[in-house]
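Architecture at a glance
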Amino acid sequence: MIDIEVLSKLFNNYYYFAAIILFIIGFHTMLTHANLIKKIIGMNIMETAAFLIFVSIGYIEGGRAPILDEGFDQIYMNPLPQALILTGIVVAVSVTAYALSLIIKLYQHYGTVDADEIARIRSYKP
Amino acid sequence: MNLNYEHLPVIIVALLLLAAFLEPIVYRHKKSWAAPLVIASMAFFALSSLYLMAAVNYHGPFNYYLGGWAPPFGIELEIDYLAVFLLLTFSVIGLIAIVYGLQDLKHGLKDEVLGWYFTLYLLLMASMAGISVTNDLFNMYVFVEISAISACAIISIKESRECIEASLKYLILSTLGSGCILLATAMLYMITGHLNIGYLNDVLPRVMSHYPNNILISLGFFVVGYGVKAALFPLHVWLPDAHTAAPSPSSAVLSGLVIKVYAAAFLKVFLKAYPREIFLEIPVMEIVLFLSVLAILYGSIVAMVQEDIKKMLAYSSIAQIGYVFLGFSLMGQRAVAGGLLHIFNHAMMKSMLFLAAGIIIYSTGIRRIRDMKGLGVKLPLTMGAFTIGALSMVGIPGTNGFISKWQLALGALDLGRPIIVVVILLSSLLNCLYYMPIVINAFFGVKGEPELEIGKVPGVMLYSILFLGFGIIFFGIYPAPLLAFLQKTVTAIL
Amino acid sequence: MEDLLVRIICRLVVPFVQLYGLYVITHGHLSPGGGFAGGAIVGASMILFALAFNLEAGSRKLSHDISLLMESGGAIGFILAGFVAMLLGQNFLTNKAAGFPLGVPGNLFSSGAIFFFSVAIGFKVGSTMCTLFYNLIEGSDRHRSSE
C-alpha cells in the first residue's frame, strides 16, 4: 500500500529527491565509465547534487535576496548556504580545470582518453 | 597597534598564502629570491608554531573570531592543544622536507616549474595549518579542497606518465571524498543550522532523536570522505601509485603529513562535533576500528612483496595510518593520545625514510630493493638513518615508534581489548619482516656484480635526514614532555 | 576562424560585456553578483575575444606577464586588505569595527572593506579564467605542432 504521507513528503521536498538522483547519476558515471572526460562530467554532476542539497536548505518559497531595501517586511532566504556554495562552485571549477589539464597531458602521452585503453597500453609495455 | 599572540594563527595561514601567491612573481623576475622566500616563510611557520605552543601551554587555549564576528555567524578559529600540536608537527617536518627538497628538486624538476612547485608547497602548508586551527566545518571543507588540489599538483608537476596517471586517480577519488564531506556537512547544517563545531556539539544531542536519519547519513559520508582522503583501508587504492610516483620531498610530505591532516580532521569532526552518546547508538567507531585493524594487517602484508622501495614505504603508510585510526576509534584517553603521538612519530619516521630513499635514488638511481646489496658501505650515513627509521617502524625500544605503539597497546588494554595488542604485535613482526632484510642486505649483503656508481650527496640532504634521525632517537628516549602535553590535549577533547 | 560577422559583432560586444562585468564586481554588495560572478564575466569576455580572433591577438591584449601579475596581485590584495584591519587593532578581515567607513546604505561606497575584497577577487577570478583558457589551448597547440 502506498503511504500517502510519505509520497506527499517526497513531493514537497522534491529538490532533495532530485539531488539524491543527481548524486547517484554522477557517482555511477564517475565510477563505471572508462572515458576520462565522462568521469569528470560525472564528478561535476555529483558535486552539483551536493550543491543543490546545500542551497535548498536555505530556500524559502517566494523569498527574495536578503538585500537591505525599502520594505523590511519581506520574506528573505537564508543567504549563508548560497554564499557557501559559491565557494564550493569555485572549488569545483578549479578541480575540473585541473583534471582536464591532466587529461590533456595523458592524451599527449597515450593518444587516448579511455582508461581501459590506457591500462591496456601500459600492460603491453614489454 | 595591538599585535599580541592571538593573531598569530591567522597570520600564519595568511602569510603562507601571501608567500604562495608572491612566489610566481618572484620566480619570474628575481629567480634567486624564490628559494629563500620559501625557506623564510616555512621557518616563520615553524617558529611561530613553537611560540604558539608555548603560549597555549602557558595561558591555555583561546579562540579567534575572523572579522570580529562571534561564532554562530562568523568563522571561528579554535587554537587548542590539538591545533598547536598539529601546527608544530606540520611546520617542522614541512621545513625539513623543503630544505632537503631544494637540492633534490633542482635535480628532478624542470627549471620553469620550480617556482610553481614552491607555490603549491606553500598552499599545501597553508591549507594544512588552516585545517588544524579552524573550528568551522565549511571552512574545513574549503581547506581540505585546497590541500587536495595542491597535493595532487605536487605529484603531477613531474609530468611523467606515472605521475600524471597517479595524480588523476588521486584527484578523482579525492573529489569523491570532498563531495561526501560536503554532503555530510549539509546534513548537519540542515538539522542544526550551525557549522561551528562547538555549537554542533551543543545542539546535536537535542536534535538527534528527531532526525536519526540525517545523523546516520552524515556519519557515513564523513567516514567515507575522510577515509578516502586519509587512505583508510578499503579506500586506499590511490595511495601507492601517488606516493611512489611523486618526487621524493613530495612523497615525504604527502605520506608524512597530508594523510595525517585528514585523520586529524576526522578526529575533530567525530570527537569534537558529535556528542559521545551517538557512538553508543550507532557503532560507527567499531566499523572504523575494524577497518583500521584490516589496514594494519593488509598494508604490512602487501608491503612485503613490493620490489620498489618507495612503493614499499607507501604500503607501509597504509598500515601506519591504520594505527592512527585505531587510536582514534578506540576513544579512550590513552588510545587517542597514542593515535596523536603516532601522527607525530610517523610523520618523522616516514618522511625520513622517504627522504633517505630519495637520497639513494638521487645518488645511485636504484629503486629496486634487490639491488641495494652493499649500499651501507657506500652510503653509511644515509643507510644508518634508514636503519634508525626501520627500527622505529618495527618498534624497537629506544625509538619513538615504540612509544606510540606502547601507548596504543596500553590504551587498548585500558578498554579491555587485548586482541588489539595482538594485532599491534603481529604487525610489528610483519614490519620487521620487510624492513630488516633491506638493512641487513645493505650492510652485510654481498655486493652485486656491477660496481655501483655513487654520485655525491649534497650536505643539506644528509643533514636533514640525520636531524630527523636524531629526533626519532630523542623522542624515543625522552618522550615525557610530549606525553604530558598530549595528556592535556586528550583531556580537553574527550 | 576567419568570419567577418563574428569578428565585428565580437568587437562590438566585448566592451559592453567587460563593462557589465565591472558593474557586477563593484555592485556586489547592492545586487546579486560580486567578485566571483563579475570576474567570471570579465574573463569570459577575454575568452570570447580570443575565440573570435585568435590566440595571438588575445594574448596581445592581455600578456602572460600581466595576467600573472593580476592573478597573484588579486590574491595578495585580498590578504593585505585583511591585514589592514589587523594593523588597526582588530581581528583579521574586520570591516566596520576597524574603522572602514560604511557610508549611506544603497550607495556605491557603502560596504567599507568589502568593496576592496570584491575588486581583488574580481581581478583574481578574471585573470585566472583567461589564464586557464590560454594554458589549456596552448598546451594542446604545442602538442599538435610537435607531431
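Throughout, a residue's number is its position along its own chain's written sequence, starting from 1. The order in which chains are written sets their letters, starting at A; the order in which ligands are written sets their numbers, starting at 1. In view of the model being predicted, local features appear only for residues whose pLDDT reaches at least 70, and side-chain atom pairs are presented and counted only at 80 or more, with totals across whole chains, interfaces and linings using the full set of residues.

A short note on the overall build of chain B
Helical segments are the DSSP runs of H or I of at least four residues, strand segments are the runs of E of at least two, and each set is numbered from the N terminus. Each helix and strand counted, chain B has 20 helices and 2 strands in total. Taking the principal axes of the C-alpha coordinates as reference, chain B spans close to 70 × 60 × 45 Å. Two residues qualify as being in contact provided that their C-beta atoms, derived from the backbone, are within 7 Å of each other. For chain B, the proportion of contacts with a sequence separation of at least 24, taken over those separated by at least 6, is 80%.

Some details on the overall build of chain C
A tally of regular secondary structure across chain C gives 5 helices and 0 strands. Helices and strands appear in chain C in the N-to-C order α-α-α-α-α. The principal-axis extent of the C-alpha atoms belonging to chain C is close to 60 × 30 × 20 Å. Burial in this document is a count-based property: other C-beta atoms within 10 Å of a residue's C-beta are tallied, and the residue is buried at 20 or more, exposed at 12 or fewer, or partly exposed in between, with C-beta positions derived from the backbone. The burial tally for chain C puts 40% of its 147 residues in the buried class. Considering only contacts in chain C between residues 6 or more positions apart, those separated by 24 or more positions represent 63%.

Comments concerning the interface of chain A and chain B
Contact with chain A, which involves 21 residues of that partner, is made by 22 residues of chain B. Of all elements in the fold, only helix H3 (36-57) and helix H4 (79-110) of chain A reach the threshold of two or more residues within the side of chain A that touches chain B. The element that contributes the greatest number of residues to the side of chain A that touches chain B is H4(A), accounting for 12 residues. Classification used: nonpolar for Ala, Val, Leu, Ile, Met, Phe, Trp, Tyr, Cys and Pro, charged for Asp, Glu, Lys and Arg, polar for all others including Gly. Residues belonging to the side of chain A that touches chain B are distributed by class as follows: 14 nonpolar, 4 polar and 3 charged.

Examining helix H20 (residues 480-493) of chain B
All names here are of chain B. Expected helix span is taken as 1.5 Å per residue step, with the number of steps being one fewer than the number of residues. Taking 1.5 Å as the rise per residue, H20 with 14 residues should run 20 Å; its terminal C-alpha atoms sit 20 Å apart, in good agreement. Taken together, the buried positions of H20 are occupied by Phe485, Leu486, Thr489 and Val490. Burial along H20 is one-sided: seen end-on, the buried residues are contained in an arc of 135°. Away from its buried face, by an angle of more than 90 degrees, H20 presents the exposed residues Ala480, Pro481, Ala484 and Thr491. Looking at the buried residues of H20, the elements they touch are helix H2 (34-59), helix H3 (81-108) and helix H14 (333-364). By construction, the arc corresponds to the directions joining the helix axis to the C-beta atoms.

Quick look at unusual backbone geometry
The phi torsion of most residues other than glycine is negative, and most of the peptide bonds are trans. In the Ramachandran plot, B:Ala231 falls in the positive-phi region, its phi being about 60° despite a non-glycine side chain. With respect to the helices and strands, the residue B:Ala231 is situated in the loop between helix H8 (212-230) and helix H9 (239-245).

Considering the environment of B:Ser329
Residue and element names in this part refer to chain B. Note on placement: Ser329 falls in helix H13 (residues 309-330). Counting along the chain gives 44 residues from Ser329 to Met285, while the straight-line C-alpha distance between them is 5.1 Å. Discounting residues that sit within four places of it in the chain, Ser329 has contacts with Met285, Val288, Leu289 and Ser292.

Here we look at the packing of helix H17 (residues 400-414) of chain B against helix H19 (residues 459-477) of chain B
Residue and element names in this part refer to chain B. Only C-alpha atoms enter the line fits that serve as axes; for helices the fit covers just the stretch in contact. Angles between N-to-C directions range over 0 to 180 degrees. Following both chains from N to C, one finds H17 and H19 inclined at 45°, their axes separated by 7 Å at the closest point. In terms of orientation, H17 lies oblique with respect to H19. For the pair H17 and H19, contact is made by Asn400, Phe402 and Ile403 and by Ile472, Phe475 and Gly476, respectively. A breakdown of the residues in the contact of H17 with H19 according to their chemical character gives 4 nonpolar, 2 polar and no charged. When an angle is under 35 degrees it counts as roughly parallel; over 145 it counts as roughly antiparallel; between 65 and 115 it counts as roughly perpendicular; any other value is oblique.

Some thoughts on H3(B)
In this model H3(B) runs 38 Å from its N-terminal to its C-terminal C-alpha over 28 residues, within 8% of the 40 Å that 1.5 Å per residue would give. Where burial is concerned, most of H3(B) is hidden: 23 out of the 28 residues are buried.

Points about the packing of H2(B) against H3(B)
Pairs of packed helices are described in terms of their axes, by the angle between the two and the distance that separates them. Residue and element names in this part refer to chain B. Two elements in contact, H2 and H3, have axes whose closest approach is 9 Å; the angle formed by their N-to-C orientations is 155°. Of the possible angle classes, the one that applies to H2 and H3 is roughly antiparallel. Here H2 runs over H3; the crossing is left-handed. Contacts from Ala35, Val38, Ile39, Met42, Ala43, Phe45, Ala46, Ser49, Leu50, Leu52, Met53 and Val56 of H2 reach H3 at Tyr81, Val84, Leu87, Leu88, Ser91, Val92, Gly94, Leu95, Ile98, Val99 and Leu102. In this scheme the crossing of two helices becomes right-handed for a clockwise turn of the near helix relative to the far one and left-handed for an anticlockwise turn of less than a right angle.

Overview of the nonpolar core
Residues of type Ala, Val, Leu, Ile, Met, Phe, Trp, Tyr and Cys that are buried and joined through C-beta atoms within 7 Å form what is called a nonpolar core. Counting 255 residues, the largest nonpolar core has B:Leu16, B:Met125 and B:Ala263 as its most contacted members. What B:Leu16 contacts, discounting residues up to four positions off in sequence, is B:Ser41, B:Phe45, B:Leu122, B:Met125, B:Ala126 and B:Ala129.

Some thoughts on the pairing of strand S2 (residues 76-79) of chain B
Residue and element names in this part refer to chain B. Of the two faces of S2, the one carrying Glu76 and Glu78 and the one carrying Leu77 and Ile79 are both buried. Both strand S1 (residues 62-65) and S2 contribute to a ladder of 4 bridges, which runs antiparallel. Each bridged residue has a counterpart across the sheet, and for Asn63 the counterpart in S2 is Glu78. Only strands joined by at least two bridges in the DSSP assignment are considered to pair.

Details of the confidence of the model for chain C
Residues and elements named next belong to chain C. When pLDDT is averaged along chain C, the result is 83, and 93% of the positions lie at 70 or above. The pLDDT value expresses, per residue, how confident the predictor is, ranging between 0 and 100. Across chain C, helix H1 (residues 4-26) holds the top mean pLDDT of 91, while helix H3 (residues 55-61) sits lowest at 75. With a pTM of 0.92, the predicted complex shows an ipTM of 0.90.

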